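Given next are the chains, with one letter for each unit.
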Amino acid sequence: MGEFLHVAFSYPMAVFTYPLIVVVGYWLTVVTGLFDTGEHDAPWLGFGGVPAGVTLSLLIAIAWLLTLIGSQLTTLPVVPLPALAGGWLATRALVAPLRRLVPRERQPSRGDFVGQMCVIRTGRAGADFGQAEVTAADGSSAVIQVRTTGQDTLSRGDSALIFEYDAEGEFFWVMPYESEH
């Protein structure tokens, strides 16, 4: 163990040993919940789509490993440079499939209103005409086109339940809803 530590903390290994210690400390704080990995991408050098903490951790760990291998094969003082280049290439190769695992921010859609309550804002809402106000999950409100089925007719101020979106007609199907207080 003493020989390993001597190699790890001497040149050229020390170039990546100290950053590797920082990476281990970072992940220990993430695992214990003291720090969050964050949503920050690492778009620089082609590493976009994966959190920067993951990308930098991979880059440093791979460069450290390649420096260890290179320092055992040669005594050239420039070993960290090709190790960094190899680490960059390997990290790029590993990050590509990881991008598919990182959830993308979901875009709001009209389908998000289905199942929500709305309030009729026009004089009436029936099978051929009507508008209602609905509140989105983020607290904003929207005026939407609504239609009722059958003989249902709603008046201004009535509550309705949105149960379907008609993409072709670009309106929402609603039905009367009486809240039970």
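Above this text you will find the structure in question.
About the cut-offs
Here the residue index of a chain counts from 1 through its sequence in written order. Selection of residues for local features in this predicted model requires a pLDDT of at least 70, selection of side-chain atom pairs for listing and counting requires 80 or more, and totals for whole chains, interfaces and linings are taken over all residues. Calculated side-chain values reflect all of the structure's heavy atoms, with hydrogen atoms and water omitted. Here a strand is any run of E in DSSP of at least two residues, a helix any run of H or I of at least four, and the numbering for each starts at the N terminus. Exposure is judged per residue with a 1.4 Å probe applied to protein chains only, and the accessible area is read against the type maximum: over 50% gives exposed, under 20% gives buried, and values in between give partly exposed. When checking whether two residues touch, look at their non-hydrogen atoms; a contact exists if any pair is within 4.5 Å. Methods summary: accessible areas were calculated by the Shrake-Rupley approach with a probe of 1.4 Å, and residue burial reflects only the protein chains presented. Whenever a carboxyl oxygen of Asp or Glu lies within 4 Å of a side-chain nitrogen of Lys or Arg, that contact is scored as a salt bridge.

Quick look at the overall build of the chain now. Secondary structure summary: the chain contains four helices and seven strands in total. Ordered by position from the N terminus, the helices and strands of the chain form the series α-α-α-α-β-β-β-β-β-β-β. Evaluated residue by residue, the chain yields a buried proportion of 30% over its 181 residues. A separation threshold of at least 6 residues defines the contact pool for the chain, and within that pool the share at least 24 residues apart is 53%. If you sum the accessible surface of the chain, you get close to 11700 Å²; carbon and sulfur atoms cover 62% of it.

This part is about the pattern of salt bridges. Applying the stated criterion across every chain yields a total of two salt bridges. Salt-bridge contacts for Arg121 lead to Glu133; the nearest nitrogen and oxygen are separated by 2.9 Å. Of the two residues, Arg121 sits in the loop between strand E1 (117-120) and strand E2 (124-125) while Glu133 sits in strand E3 (residues 131-135), which places them twelve residues apart along the sequence. By relative accessible area, Arg121 is classed as partly exposed at 37%. Take Glu133: its relative accessible area is 25%, and that puts it in the partly exposed class. With its nearest N and O atoms 3.4 Å apart, the salt bridge here joins Arg124 to Asp128.

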